Amino acid sequence: MAKVSNKKRSGRRKRSAAEQKKQEAPEEEQEVSEEEQELPGADEEVTSEEEEEDGQDERRHQKLLEAISALGGKRKKTLGERSEAATQMSEFTVNSKGEGDRIDLSELIDTAQKTPAVPNKTRKQLKSLKKLKKTIECPLSKQESERIQRDLAFQKAASEVSRWNSIVVQNQRAEQLRFPLDRERSGPKPMERVVTGWKAQTPLEKEIFALLSANMQPIHDPVLTPEEELSLKAMSLEDAKIRRAELQKARALQSYYEAKARRERKIKSKKYHRVQNKAKRKEFLKRFDDMAKTDPAAALEELNKMELVRMQERMSLKHQNSGKWAKSKAVMAKYDEGARKAMQQQLEVNKDLTQKLVTSLNQDEEEEEEQQEEEAELLPECVNDAEKGGEPSNPWMRGKLSEDPAEGPAADPEGAAAPQARAAVEEEEEEEEEEGEEEKLLREFDRRRKQRQSEEAETPAVISLVDDDEDDDDDEGDGEEEKLSEFTNIFRGIVESRQEAASITDDSAQLEGSLQRIRTLQDVELLAEDVSAAEPPPAEPQQPPDGPPAAAPPAEGKSRKRKKGIELKEVLTKEAKVIRVPLAPTVAGDAEGGEETLDQRGLIKEAFAGDDVVSDFLKDKRRQEDAGKPKHVDLTLPGWGEWGGTGLKPSRRKRKRFRIRAAPAPPRKDERLPAVIISEKRNSSLTLHQVNSLPFPFQTHTQFESTVRAPVGRTWNTERTVKTMTKPRVVTQLGAIIPPMDREQLMKQEQSKAGAGTAKPQRHTKA
Amino acid sequence: EGAAPAWTPLLHSAPPRGFLSARDGPRYRHRHRDPELSPCSPASCCQLAAVTTLLLPKSRQAAEAEIKHTTEPAPPPRAPALVQMKVKVLSRNPDDYVRETKLDIQRVPRNYDPSLHPFEVSREYTRALNATKLERVFAKPFLASLDGHRDGVNCMAKHCKSLSTLLSAACDGEVKVWDLTKHECVRTLQAHEGFVRGMVVRFCGTSFFTVGDDKTIKQWKMQAPAYGEEEEPLNTILGKTVFTGLDHHQKEAVFATCGQQVDIWDEQRSSPIRSFTWGVDSFSSVRFNPVETELLASCASDRSVVLYDMRESTPLRKVIMKMRSNTVCWNPMEAYYFTSANEDYNLYTYDMRYLTSPVTVHMDHVSAVLDVDYSPTGTEFVSASFDKTIRIFPKSAGHSREVYHTKRMQHVICIKWSADNRYILSGSDEMNIRLWKANAAEKLGVLSPREKQATHYSQKLKEKFQHHPQIRRIARHRHLPKNIYHQTKELKIMKEARRRK
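Residues numbered from 1 in each chain as written. Chains lettered and ligands numbered in written order. Predicted model: local features only at pLDDT ≥ 70, side-chain atom pairs only at ≥ 80, totals over all residues. Heavy atoms only, no water.

**Looking at the overall build of chain A**
Counted only if it meets this: Think of it this way: any DSSP run of H or I at least four residues long counts as a helix, any run of E at least two long counts as a strand, and we number them from the N terminus. We call a residue buried when its accessible area falls under 20% of the maximum for its residue type, exposed when it is over 50%, and partly exposed in between, using a 1.4 Å probe and counting protein chains only. Residues are treated as being in contact if the distance between any of their heavy atoms lies within 4.5 Å. Only the protein chains shown count as covering a residue, and every accessible area follows the Shrake-Rupley method with a 1.4 Å probe.
Helix and strand counts for chain A come out as 36 helices and 5 strands. The buried share of chain A, reckoned over its 767 residues, is 27%. Of the contacts formed within chain A by residues at least 6 apart in sequence, a portion of 70% connects residues at least 24 apart. Carbon together with sulfur atoms contributes 55% to the accessible area of chain A, which is approximately 53300 Å² in total.

**Considering the overall build of chain B**
Each helix and strand counted, chain B has 9 helices and 28 strands in total. Relative to its full complement of 501 residues, chain B shows a buried share of 48%. Looking at chain B as shown, the accessible area adds up to about 25200 Å², and 53% of this sits on carbon and sulfur atoms.

**What to know about the nonpolar core**
We count it as follows: For this analysis, a nonpolar core means a set of buried residues of the types Ala, Val, Leu, Ile, Met, Phe, Trp, Tyr and Cys, connected via side-chain atoms within 4.5 Å.
Ranked by size, the top nonpolar core spans 35 residues in total, and within it Trp164(A), Leu307(B), Phe338(B) and Met352(B) carry the most contacts. Looking at this core element by element, the count peaks at 5 residues for helix H8 (residues 142-162) of chain A. Among residues more than four places away in sequence, those in contact with Phe338(B) are Val305(B), Leu307(B), Val328(B), Cys329(B), Trp330(B), Asn331(B), Tyr348(B), Thr349(B), Tyr350(B), Met352(B) and Leu355(B).

**Some details on a nonpolar patch on the surface**
All names here are of chain A. Note the cut-off: Patch members must show over 30% relative accessible area and no salt bridge, and they are joined within 9 Å when carrying like charges or within 5 Å when they are nonpolar side chains of Val, Leu, Ile, Met, Phe, Trp or Tyr. In what follows, salt bridge is the name for a side-chain nitrogen of Lys or Arg lying within 4 Å of a carboxyl oxygen of Asp or Glu.
Nonpolar side chains collect at one region of the surface, where Val633, Leu635, Phe658 and Ile660 lie side by side and expose about 320 Å² of accessible area between them. With respect to the helices, strands and loops of the structure, isoleucine 660 is situated in strand S4 (residues 659-660). A relative accessible area of 45% places isoleucine 660 in the partly exposed class.

**Some words on the interface of chain A and chain B**
Often, the extent of an interface is quoted as the loss of accessible area upon association of its parts. We count it as follows: Using a 1.4 Å probe, buried area is obtained as the accessible area two parts lose upon being combined, added over both of them. Two N or O atoms count as a polar contact when they lie within 3.5 Å, although within protein this holds only if one can serve as hydrogen donor and the other as acceptor, and sequence-adjacent residues are included solely when both atoms are side-chain atoms. Throughout, the ten residues Ala, Val, Leu, Ile, Met, Phe, Trp, Tyr, Cys and Pro are labelled nonpolar, Asp, Glu, Lys and Arg are labelled charged, and all others, Gly among them, are labelled polar.
With 64 residues of chain A at the contact, the number on the chain B side is 70 residues. For the pair chain A and chain B, the two sides together bury roughly 6200 Å², of which 59% comes from carbon and sulfur. With its nearest N and O atoms 3.3 Å apart, the salt bridge here joins Asp151(A) to Arg317(B). At the boundary of chain A and chain B, one finds 21 residue pairs in polar contact (both at pLDDT 80 or more). Counting residues per element, the ones that place at least two in the side of chain A that touches chain B are strand S1 (2-4), H8, helix H9 (165-173), helix H34 (701-709), helix H35 (719-726) and strand S5 (730-732) of chain A. Among the elements that line the side of chain A that touches chain B, the one with the most residues is H8(A), at 12 residues. Its residues placed into classes, the side of chain A that touches chain B shows 33 nonpolar, 17 polar and 14 charged.

**Here we look at the side chain of Lys654(A)**
Residue and element names in this part refer to chain A. Applicable threshold: We treat Lys and Arg as the positive residues and Asp and Glu as the negative residues; His and chain ends play no part in the count.
Among the secondary structure elements, lysine 654 is positioned in helix H32 (residues 652-657). Among buried Asp, Glu, Lys and Arg side chains, lysine 654 stands out as unpaired, with glutamate 642 the closest opposite charge at 4.0 Å. A distance of 2.6 Å separates a polar atom in the side chain of lysine 654 from the backbone oxygen of tryptophan 640. With residues near it in sequence (within four places) discarded, lysine 654 still touches Thr636, Leu637, Gly639, Trp640 and Glu642.

**Side note on the sheet that holds strand S3 (residues 165-170) of chain B**
Residues and elements named next belong to chain B. To keep it simple, the criterion reads: A pair of strands is considered paired only if DSSP assigns at least 2 bridges between the two. The convention used is that axes are lines fitted to C-alpha atoms, helices contributing only their stretch in contact, and that angles between N-to-C directions extend from 0 to 180 degrees.
Pairing is antiparallel across the open sheet formed by 4 strands, whose spatial order is S2-S3-S4-S5. Two strands close off the open sheet at either side, each with one partner strand: strand S2 (153-158) and strand S5 (184-190). Strand after strand, the sheet turns through a mean of 20 degrees between neighbouring axes, direction not considered. As judged from the 6 bridges shared by strand S4 (residues 174-179) and S5, these two strands associate in the antiparallel manner. Within S5, the residue paired with valine 177 across the bridge is arginine 187.

**Remarks on the side chain of Lys621(A)**
All names here are of chain A. Within the secondary structure layout, lysine 621 lies in helix H31 (residues 613-628). Buried charge lysine 621 goes without a salt bridge, the closest partner of opposite sign being glutamate 625 at 4.4 Å. A polar contact of 2.5 Å, which involves the side chain of lysine 621, links it to the backbone oxygen of leucine 673. The residues contacting lysine 621, other than those within four sequence positions of it, are Asp670, Leu673, Pro674, Val676 and Ile677.

**Things to note about the sheet that holds strand S7 (residues 207-212) of chain B**
All names here are of chain B. Strands sit in the order S6-S7-S8-S9 across an open sheet of 4 strands; the sheet is antiparallel. Both edges of this open sheet fall to strand S6 (196-201) and strand S9 (235-238), since each of them pairs with a single strand only. Adjacent strand axes in the sheet meet at a mean angle of 15 degrees when their direction is disregarded.

**Describing the UniProt feature "repeat: WD" (unreviewed entry) in chain B**
Test applied: UniProt positions are given in the numbering used here, feature names are shortened, and annotations may be inferred rather than shown by experiment.
Residues given the UniProt feature "repeat: WD" (unreviewed entry) here are residues 146-188, 362-393 and 405-446 of chain B. With 0% helix and 53% strand, the stretch residues 362-393 of chain B has end C-alpha atoms that lie 7 Å from each other.

**Quick word on the pairing of strand S20 (residues 347-351) of chain B**
Residues and elements named next belong to chain B. The buried fraction of S20 amounts to 5 of the 5 residues, a majority that puts the element mostly inside the structure. Alternating positions in S20 separate into two faces, Leu347, Thr349 and Asp351 on one and Tyr348 and Tyr350 on the other, with burial throughout. Across 5 bridges, strand S19 (residues 337-342) lies against S20 in antiparallel orientation. Residue phenylalanine 338 lies in a different strand from S20, and its bridge partner there is tyrosine 350. Between S19 and S20, which pair antiparallel and follow one another directly, the connecting turn spans 4 residues, one of which, tyrosine 345, has a positive phi of 75 degrees. Two elements, S20 and strand S21 (residues 360-362), share 3 bridges in a ladder whose sense is antiparallel. Bridge pairing in S21 links tyrosine 348 to valine 361.

**What about the pattern of salt bridges?**
According to the stated counting rule, one finds 36 salt bridges over all chains in the structure shown. Residue Asp620(A) pairs with Arg623(A) through a salt bridge whose shortest N-O separation is 3.3 Å. On the criterion of helical spacing, the pair formed by Asp620(A) and Arg623(A) is a turn pair, its members being 3 residues apart in helix H31. For Asp620(A), a relative accessible area of 28% puts it in the partly exposed group. Note that Lys318(B) and Asp302(B) form a salt bridge whose closest N and O atoms lie 3.1 Å from each other. Of this pair, Lys318(B) sits in strand S17 (residues 315-321) while Asp302(B) is found in the loop between strand S15 (295-300) and strand S16 (304-309), placing the two residues 16 residues apart along the sequence. For Asp302(B), a relative accessible area of 22% translates into the label partly exposed. Connected via shared salt-bridge partners are Arg163(A), Arg743(A), Glu292(B) and Glu294(B).

**Concerning the environment of Arg472(B)**
All names here are of chain B. Its place among the elements puts arginine 472 in helix H8 (residues 469-476). C-alpha separation for the pair arginine 472 and threonine 132, spaced 340 residues apart in sequence, amounts to 8.8 Å. Sequence-distant contacts of arginine 472, that is, excluding residues within four places in its chain, are made with Gln466 and His467.

**A closer look at the packing of helix H6 (residues 120-137) of chain B against helix H7 (residues 449-464) of chain B**
Residue and element names in this part refer to chain B. This is how it is decided: Just so you know how the angles are binned, under 35 degrees is roughly parallel, over 145 roughly antiparallel, 65 to 115 roughly perpendicular, and the rest oblique.
Viewed as axis vectors pointing N to C, H6 and H7 meet at an angle of 105 degrees, and their least axial separation amounts to 8 Å. Classed by the angle they form, the pair H6 and H7 counts as roughly perpendicular. Residues Glu124, Arg127, Ala128, Ala131, Thr132 and Glu135 of H6 pack against Tyr457, Ser458, Leu461, Lys462 and Lys464 of H7. Across the contact of H6 with H7, the residue classes break down as 4 nonpolar, 2 polar and 5 charged.

**Here's the deal with the pairing of strand S26 (residues 412-417) of chain B**
Residues and elements named next belong to chain B. The buried count for S26 comes to 6 of 6 residues, which makes it a mostly enclosed element. With 5 bridges connecting them, S26 and strand S27 (residues 423-428) associate as antiparallel partners. Bridge pairing links tryptophan 417 to isoleucine 424 in S27. Count of turn residues in the S26/S27 antiparallel hairpin: 5 residues, of which asparagine 421 carries a positive phi of about 70 degrees.

**Observations regarding the confidence of the model for chain A**
Residue and element names in this part refer to chain A. The cut-off we apply is this: What pLDDT conveys is the predictor's confidence in a given residue, as a value from 0 to 100.
Per-residue pLDDT for chain A averages 68, and the proportion of residues at 70 or more is 54%. The low-confidence segment residues 373-395, where pLDDT is below 50, has 97 contacts with residues more than four positions distant or belonging to other chains. Low pLDDT (under 50) marks residues 397-435, which in the prediction has 101 contacts with non-local residues, meaning those over four places away or in another chain.

**Some points on the packing of helix H14 (residues 270-294) of chain A against helix H15 (residues 296-315) of chain A**
Residue and element names in this part refer to chain A. Orientation of H14 relative to H15, taken along the N-to-C sense of each, is 140 degrees, at an axis distance of 6 Å. Judged on the interaxial angle alone, H15 and H14 are oblique. Contacts from Phe284, Phe288, Met291, Ala292 and Thr294 in H14 reach Pro296, Ala298, Ala299, Glu302, Leu303 and Met306 in H15. The residue inventory of the contact of H14 with H15, partitioned by class, reads 9 nonpolar, 1 polar and 1 charged.

**With respect to unusual backbone geometry**
Phe179(A) connects to Pro180(A) through a cis peptide bond whose omega is -5 degrees. With respect to the helices and strands, the residue Pro180(A) is situated in the loop between strand S2 (177-179) and helix H10 (191-196). Positive phi outside glycine occurs at His183(B), with the angle close to 60 degrees. Along the chain, His183(B) turns up in the loop between S4 and S5. Taking relative accessible area as the criterion, His183(B) reaches 39% and is therefore assigned partly exposed. Although it is not a glycine, Tyr345(B) adopts a positive phi angle of roughly 75 degrees. Along the polypeptide, Tyr345(B) turns up in the loop between S19 and S20.

Below is the structure:
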């Protein structure tokens, strides 16, 4: 396109040519004058020679030559030879010898050496000159020197202009440019800037400043005391960042935990809390075990704590279902399963609290068990009637006992309270209710309670009351037997009646409908036969084979316990097995829930009764598949090469021949996905809007896609984000003249650079 | 047993809450400030019904029946259930959602969770497409035509201190001063005999200089002469040759002319303080660098652009191009860039430090480019061409972003970009000066903040989706005069052919 002419131009010659032209057209005065100016030497020469020449022809010839030479080049100087007449002819016979010889400097200087008028200094200089043999270089030609000048000047200008580089680059990269550039920002200025411009003037101010400076207080720009500065320096930025991050994390974690705790506290489900507590307890125990191994002292402490709690619990009647609330619940217990559950829970808590730790009480394990046994007895009888089976001496009870473990392990080999067992118990209860004796029972129970409260001093009596049957069976046929109230009698009656019911009618059992249940009933029958045999061993074989063998020993232990006699405290806080007999009617609840869900489903079904979505979808899919299949092309022409007409079909051979079979379609992607339709067709209306190739500034597809993906609008972003994202690149002020960039900008930039090191950018480009 | 009285009143005694009869419709159409009497819509009725059904799964049918026949006494409920029903109706304070005046902006709570807003890309694409279309719809760049000259407008000059003032000079030596806001000529003076070749306003804005074919430089007062006073120049310098261009220093009382050589003049002297020659005898334009104010550039007849430093005795350097440059213009924000308008239909942007090749070649014109002027922000420039169009180029783009033309506009000889970056002024052969918007679709005047935001958003969208074919097509679509259209095509073919060779 274009090229630079760095090469030397033969300007001189050109110019001379131009001047020739100008001479030819002398109407322009300026040119003429210039000519005269530029060629003074030539003119002089002409005149001098005119004077000297006498011969006419010679003169003419000379003139002609001059004219020609003048035409040839203005700058071309003729050799400045001074011609003297003496050289041509010697008037006075003075011969000019050595005319053509050069005169040496030394020859001239010699005289100077001799004359006394010449100062010494000059003489010395002359001497040194004599010694110099070098000649001075002739000056460069005009063109060359001009060229050098130009180059130098250009370099200077270029370097000068390059100072703007940083500003230009910065502006090109700036997110936003505001014009006019050097406009002062309105609004409040930063305090530092205001403060630095101010000086103390009045004496008071001066005094204050003196004080401040004396106390090393900050006055100017960074409003920090030396100590603060030091502390700032002490902690590096990275450290501070890390620390801040840590703190932030900790705070976040804390808030998470708090939120979690709050959430959990709000959960109303008792079951959930129960499970939680249990888990906690387990966890605690585990930890405790570990602790006992590793840190016995701490374990001991823990143990003491627990012991203390246990003692407190045992001292109090808390959680023993003896309070007002418990009583009211007891009234409702018959109808309300919630109440029953609540009572149950109370007892559970009690049990948990009063249970002695295994680790500490290895020696009196038996006692513990006994305690538990007795605890069971303490419970409201109507609630835990099933537990009554724990007595091996009582044949009725034994029957119960055999039934109980049979059910428990069947459901849960671990021996823990299983829902099925619960269900069974519940059923029994229900039976009880049916019998209509519950009210009586409850009344009885109430009375018992009252009695016990009044006779708290004579607790043994209560105990004896509770251990109804054993007392008569075993050796301890005390006088307390008379206190054995009607309650027990009634209870016995209940058990009997239940057994009768079980043996006579299998209806109740069939309600459950499970194999186990039937088996147990059979067992019960068997048991009834074995009533005469009062020992526990016969009960064992009756247990289902999958029942744990561990079921027997506790029974034995229990029996042993009974022999030991009963302590007051233990009796007061007895309860263990009770929990094993949960009363929650889980099955019934489940059934209800199922109904509800069914209901929901039914509702939805009802709502969408009209449309069969699934079959519609399948049809749709099939249709799409069919449409996607390549079709055969039939090119047969009826009547071509054979007879045609109505009722005539082209021959089979022909049809076969002209039928183009399409190649089978490639397998569909959704072939094996029954619930999905994948269309592999390209939507032409969409392709119109799609970008075909990667646009210019982008390197990869992902880059481009990422720019498109992030939404800009306020539907997706907060107001502030939208503002920052959509701010225009160039902002001009309405009606303001934008002056070109000023040198002041450069000064500012340099100043800011010098002041704030390299990091700080210039402000004017900021948004 | 006792169930009916327990819940029937709930439905019957509170008709204003849950139920509307046709009678009291109008009452509820008013806006109520009383939350108790909050307007009740059918929707809240439905809500009530829904609540009832939810709360009473068992006696649902009964409740439904109740809702259906509110005007009639309730039939005795079938299920004598012990039911205490609490009906919670959604009631909101209208203050929260009704504007007081139409100027109030409604507070719209938003959830920015991306999962709640699917299809954001497609939605934004649609918006971008609409914005692009609307931009084309509203692209009406032509604002006004200033007529009054009796010959082709040969040069124009911006006023340095006033946005609304424009000076123009015609080929018959007449200079006119225009008031742009009123679109009228405020002053006319016969400055020269023959063409006015160059005109420039002094940096202070109090006077202006003109050069003409009559070999004179004249300085004029900006103020019109008082009544009865004769229109006379402040100063007249009689030159020896014809001057073809003129420019004034940004800050000092120095100006430069070009003709047979480039001269630097002091305002106080009648002879140039410096003159530069470099083997050529004719220059067409000279321009001072507005940033590095001592530098100049000029276009010479030997197809070159020559750079000068006012302080040096020799020119700095020159670029020789294939064809002659008509004008040159410096970027007012970037000290070392200048653009020259060339006869070969292109414009060339150079970095003055590296003249071996241009930074960018701007193509699109189909005839010689006669004039060029940078926008004051230095991001774009506008060029005037012999092909009767004006084109706007981004400073680093090879092709124009905009082309302006009208049926009656002939060869555009001079062009200026107004000092506030909003308007473009073009002077053309057919004696008219035209005022254009720099951004064709921009709304003029003060924008309200919301309008501003909306325009920014749409601008951003257009930018974001600019590579999508439909948007690009619409955004790039321009109607061109037939001859220009065909010539463009032809040029393209020629270029192709040359490339293939």
